[in-house]
Amino acid sequence: MSRQGFLGKSALIILIVALIGVLMSVFEGCARKEPIKIGYAAQLTGIQSNIGVQARNGVQLAVEEINDSGGIDGRQIDLLVRDDKGKPDEAQIVDKELIKAGVVAIIGHATSGQTKAVIPIINDAHIVLISPTSSAPDLTDKSKYFFRVTIPHDVRAAAFAQLIYQHRHIKKIAVIYDTDNAAYSQSYQERFTSKFRELGGTVSKVTPFSSKEEPNFDPMLKDLRSTGVQGLLIIASDFDTALIAQRTRLIGWNIPLFSSGWAQTETLIKSGGRAVEGIEIEQSYNLDSKSKAYSDFRKNYQKRFGQEPNYAAALGYEAAEVLIAALKKTGGKPDGLREELLKTSNFKGLVDTFSFNKYGDAVRPFYVGVIRNGKIVTIDEIKPGSNRKP
Amino acid sequence: MLNQGNPIALDKMMLRMMILRLLLPLFLLGLLSIGLIGYLGERSLEVQQIQRAEFVARIVNHYLDQSNRILDAIARASQNSTPKELSIFMQSTWEAYGYFDTIYYLTKDNRIRQLVPPNPRYLGLDMSNLPYIRGNIDKTKPEISHTFISLRTGSPTVYIIRPLPDGGHVVGELSLKSLQDEIELNKSAARAEAVFIMDSSGTLIAHPSESLVREQANLGHLEIFKKGIRHATSSVYNYMGMGILGGAVPVKQAHWVVVAQTPLLMVLGPYIWTLGAIFLASLIVWLALVWNLRKQLRFHVVNPLVQLSLGTTAIAVGDYSQVSVLAAMPIAFAELSRLATDFLKMRDALEARQIALQESENRYRSLFDRVPTGLFRSAPSGQLEDVNPAFINMLGYPDRDKMLSVNDADLYLITGDRDRWHNLVEQTGLVRDFETRMYRYDKEIIWVRINSRVATGGNDEVLFYEGSIEDITDRKRAEKEVRELNRSLERRVEDRTAALKNANKELEAFAYSVAHDLRAPLRRIDGLSLAISEDYSDRLDNLGIDYLNRIRVSAQRMGQLIDDLLHLSKIARIEMQIEDVSISKLSTFILSSLHDREPERKVSPIIQTDIDAKADPNLMRIVLENLLENAWKFTSEKEEAEIEVGTIFVEGEKVYYVRDNGAGFDMQYAKKLFEPFQRLHPEAAFPGNGIGLAIAQRIIARHGGRIWAEAEVDKGATFYFTLP
């Protein structure tokens, strides 16, 4: 054997050792080959963190499912979660962080105040933002990069007003709303009021309150009762809605209660006791659905997070699903993602199908439910683009 | 040939052995021990993690037990107190212990009757939809609700619901902040090393990173959680992209899980690095060792062996000078040294033998070339393979190449001869003096004599024929001439013999007529002499009478001589009748008649019995009479005479003899003995006419035999004769 042969042999040994190392790293590399980063930002703490947390859970469930099934083109999805603490300036900070971290898109935010605040940032960065629950009407047409899987609440408020006026035969109504989430409640109240009045009804009184101040509702309610209304619309969080409902009954005012979609959670029932029986809720989501996709989702969610999914969880899940579908088409790249999302048509959600209109707003039905025996039961479905009950 | 397909070089083999037998086992052993140590280390680490988790789980249990006892106290107080007293008791308990955010006292219809701290907003609220109130069946045991984030404090919180015997509940809103504080107190610097608490859904209750708790982060997907909720366990899992070793202990009463975890890399890191370094160092040392060993092997073993191999190759092609390199090689091993020495010795021996062989070869080649006899070697097919110049010359070929292009079968005049020679040589392996005729190059035919043999290989297969060939044409010619000469000679002899016979016959006839004719004058001389003596005796003196008597004696003697001569010649002419003759009987008869004639003589006859012969009986009697009378006569002076008749065999030939112990004779006259009228003794001593032996000789001659005598003076004589 020549000297070269010996060196060859030694080289071979070293090569084998190196090869094993390389193989191991390649193997590892294969397992998480350049993950696709997706950002999630919403309030996870503080007021209304329930929406942010559940939407996050929904997104997380969708991401875990796609990762378990092999990811997008073999690439896993890395979900970067940020807490915007329900504050617009914090939302801007975390979104910048996420963009810097290299996310291809952001799912967020949970409420419209933060969403509005980050629009300029996503416009600059050309990063798609999909909100599960932001329903402020003035978000429409604000950005080429903004999408949402929920319907703007003005549409819902108008439709709800029409339903109450025409089908519940209530001609005189009062409204109480929480000013701490003005981006939602203010505009909801305004659209509802204008529509109700437009239909010929009377909105006797609109009472604002700040939930942070933990007000005593009894005087407000007694004042509203004095206007002699046939119904009361509550635009508040689940807990506040429950509290108001309880106080209404405690003062002996057994008036039909109506609630905006904001309160559509378990907390409303848990904290509402018997007082919330019969309350009608405008629902952005049909949590009473018996569809297979939804019951699977509900089962998985409960198994995974130990609680019932609320509308935010379902919408978060759908937001992630529609984003993943588009990412599959772009091969996990942000380029062309907006265009692919715009093409989304009759996307199969958990309960119903939806499409994005040219503004990136979901076009889909919404529902009206009622609480019966501690459960929300869907009683009406309102088709997209129609202000009329089918 | 060696039957190994592809033998491998020594150093390569050594390397292979080092790798397979040394490195690989070491490597495996190393891996095994690393694995074992790693496993044991990991096991103890797991136990350690479980212990950490157990420690925290005890704190949690203690915290929950304590809370339960507080609610128990309030529950008991509610039974025997006025609302006022209860309110004071709740207030003081809430303040004293500070465990609860809020404590509610619910009426039978689950409306809030009292709460601390007091808040009019909540008084009277219907709490019947709280899951643990609505579904509570066991009315004695406190229930711990799912955790939730308190809107007021932002901390995880649970309701502890204590049913009252008479309906209604005491509900405590228990903040879990103190557990968080406990965890944070023991927080480690390392991000992934942590002890944390999860509720039944996997949502964090307490974690070193508080924000995770506030954000209700859910770690329910961790394998350790799924196992830990049932029983104390430990496992290795992936957490935030890290290999984590964790131990989990359930908090049974609340269905929570306490997990203590530590990143494997952090614990095992230094250990792995150390082992890796040792491993690498060993590898380097090993490589260096192998490299060095290989170098040594190459220098001390492989190179000498290669040189040896080259030397062998050189020797194989006859170059003996190459090997001297070997002598200069540094050789470290006794075996190798011995091999080299032996090899050099072998080289010397081989060289010497080669030279001797060369010389021998040269000598024999020279002999081969110069010997006048033709020498050849031919293939079994008959193709000539080698011939010497004498061979070529003999067959008159112009050169060796022309000669070697010939098949030996073409040389034979008669093809049958070639086949005969071929058969002979194949059967016997050796053919001597095979004579045949062959064509020379110029088609002249020559006689040759071939001596040849077969050379066979190991399995008796014929390798070639070899032999010598001689030109015997001249000899053959000479032989022919001799034969012809002999034939003419024989013819002449026959002619002469015939002439001689004629002459003999004429001579005998002449002699007979002479003798016959001489007898008449002799008889007249004798008669006339008698007449004178008788008629003229008075006139003649004594002298004259004496003369007349002498004349008469001479004439009578002459007549006797003539008779003898006639007798002799007659014998020559008698026709022979050959038949069986008993020599013994004949001899006995003759001797007895001799004895009768002279009875006074003492003669002992010794006659062998049964002596037979094929001869003419009359002639044989004459022979025996002559010989026995001869013996009788010459023993006359012996007192004790002996006469012996017998046979002996001389060189396979039967010889008859007659022996006596008489006077004998001097051997120098032996030849004269058988001539007619020759006498060895004076007639006075032994009378006789001297013709008997001549007659005997003639008879024996006529039978084709021989007769001779041996004797010594005064010691007797022996007469021998043979008969064919």
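Located above this text is the structure these notes cover.
The notes below deal with the structure included here. (Residues numbered from 1 in each chain as written. Chains lettered and ligands numbered in written order. Predicted model: local features only at pLDDT ≥ 70, side-chain atom pairs only at ≥ 80, totals over all residues. Heavy atoms only, no water.)

## Points about the sheet that holds strand S11 (residues 256-263) of chain B
Residues and elements named next belong to chain B.
Working step 1: Spatially, S8-S7-S11-S10-S9 is the arrangement adopted by the five strands of the open sheet, whose pairing is antiparallel. Whereas interior strands pair on both sides, the edge strands pair on one side only; in this sheet they are strand S8 (204-206) and strand S9 (233-239). Taking the axes of each pair of neighbouring strands and ignoring which way they run, one obtains an average angle of 35° across the sheet.
Working step 2: Summarising the sheet, strand S7 (residues 194-198) and S11 pair through five bridges and their orientation is antiparallel. Bridged to Ile-197 within S11 is Val-258.
Working step 3: Along the sheet, helix H4 (residues 177-185) makes contact with S7, S8 and S11, crossing S8 at roughly 70°.
Working step 4: Sheet strands touched by helix H7 (residues 264-316): S9, strand S10 (242-251) and S11. Its angle to S11, the strand with the most contacts, is close to 30°. (Pairing = 2+ DSSP bridges. Helix = DSSP H or I, 4+ residues; strand = E, 2+ residues; numbered from the N terminus. Axes fitted to C-alpha atoms, helices over the stretch in contact; angles between N-to-C directions. Contact = heavy atoms within 4.5 Å.)

## Thoughts on helix H8 (residues 238-250) of chain A
All names here are of chain A.
Working step 1: Its 13 residues give H8 an end-to-end C-alpha distance of 18 Å, which sits within 8% of 18 Å, the value for a rise of 1.5 Å per residue.
Working step 2: In terms of burial, H8 is a largely internal element, ten of the 13 residues being buried.
Working step 3: Burial in H8 covers these residues: Asp-238, Asp-240, Thr-241, Ala-242, Leu-243, Ile-244, Ala-245, Gln-246, Arg-247 and Thr-248.
Working step 4: With its phi angle positive at about 80°, Gly-252 sits one or two positions after the end of H8. (Expected span 1.5 Å × (residues − 1). Buried < 20%, exposed > 50% of the residue type's maximum accessible area, 1.4 Å probe, protein only.)

## Examining the interface of chain B and chain A
Working step 1: Listed as interface residues are 39 residues of chain B and, on the opposing side, 36 residues of chain A.
Working step 2: For the pair chain B and chain A, the summed buried surface comes to about 3400 Å²; carbon and sulfur atoms form 54% of the total.
Working step 3: Ranking the residues of chain B by area buried against chain A places Arg-121, Asn-129 and Glu-215 of chain B at the top, with a combined share of 21%.
Working step 4: Summed over the shared surface of chain B and chain A, the result is one salt bridge.
Working step 5: Residue Arg-274 of chain A is joined to Asp-126 of chain B by a salt bridge in which the shortest nitrogen-to-oxygen separation is 2.7 Å.
Working step 6: Summed over the shared surface of chain B and chain A, the result is 13 residue pairs in polar contact (both at pLDDT 80 or more).
Working step 7: Among the secondary structure elements, those contributing two or more residues to the side of chain B that touches chain A are helix H1 (10-79), helix H3 (131-134) and H7 of chain B.
Working step 8: The dominant element in the side of chain B that touches chain A, judged by the number of residues it contributes, is H7 of chain B, at five residues.
Working step 9: Considered class by class, the residues forming the side of chain B that touches chain A number 15 nonpolar, twelve polar and twelve charged. (Buried area = accessible area lost by both parts, 1.4 Å probe. Salt bridge = Lys/Arg side-chain N within 4 Å of Asp/Glu carboxyl O. Polar contact = N/O pair within 3.5 Å; in protein donor to acceptor, adjacent residues only side chain to side chain. Nonpolar A, V, L, I, M, F, W, Y, C, P; charged D, E, K, R; others polar.)

## Concerning a positive patch on the surface
Residues and elements named next belong to chain B.
Working step 1: Together, Lys-480, Arg-483, Arg-487 and Arg-491 give the surface a local cluster of positive charge.
Working step 2: Positionally, Arg-483 belongs in helix H13 (residues 473-535).
Working step 3: A relative accessible area of 46% places Arg-483 in the partly exposed class. (Patch = residues over 30% accessible without salt bridge, like charges linked within 9 Å, V, L, I, M, F, W, Y side chains within 5 Å. Areas by Shrake-Rupley, 256 points an atom, 1.4 Å probe, with all protein chains shown as cover. Lys, Arg positive; Asp, Glu negative; His and termini not counted. Charge placed at Lys NZ, Arg CZ, Asp CG, Glu CD.)

## Examining the side chain of Asn-630 of chain B
Working step 1: Along the chain, Asn-630 of chain B falls in helix H16 (residues 617-634).
Working step 2: With sequence-adjacent residues up to four places away left out, Asn-630 of chain B is seen in contact with Glu-625, Leu-693 and Phe-719 of chain B.

## So, helix H4 (residues 112-125) of chain A
All names here are of chain A.
Working step 1: Compared with an ideal rise of 1.5 Å per residue, which puts 14 residues at 20 Å, H4 spans 20 Å between its outermost C-alpha atoms and is within 8% of the ideal.
Working step 2: Along H4, the residues that are buried comprise Ser-112, Gln-114, Thr-115, Ala-117, Val-118, Ile-119, Ile-121 and Ile-122.
Working step 3: Within two residues after H4, His-126 carries a phi angle of roughly 55°, on the positive side.

## Notes on the sheet that holds strand S23 (residues 716-722) of chain B
What holds strands together in a sheet is hydrogen bonding between their backbones, with the strands either parallel or antiparallel.
Residues and elements named next belong to chain B.
Working step 1: Within the open sheet, the five strands sit side by side as S18-S20-S21-S23-S22. Their pairing is mixed. A strand with exactly one partner marks an edge of an open sheet, and here the two such strands are strand S18 (603-607) and strand S22 (707-712). With direction set aside, neighbouring strand axes in the sheet form an average angle of 20°.
Working step 2: Where S22 lies against S23, six bridges are found, and the strand directions are antiparallel. If you follow Ile-707 over to S23, its bridge partner there is Phe-721.

Just distances and angles here, no functional claims.
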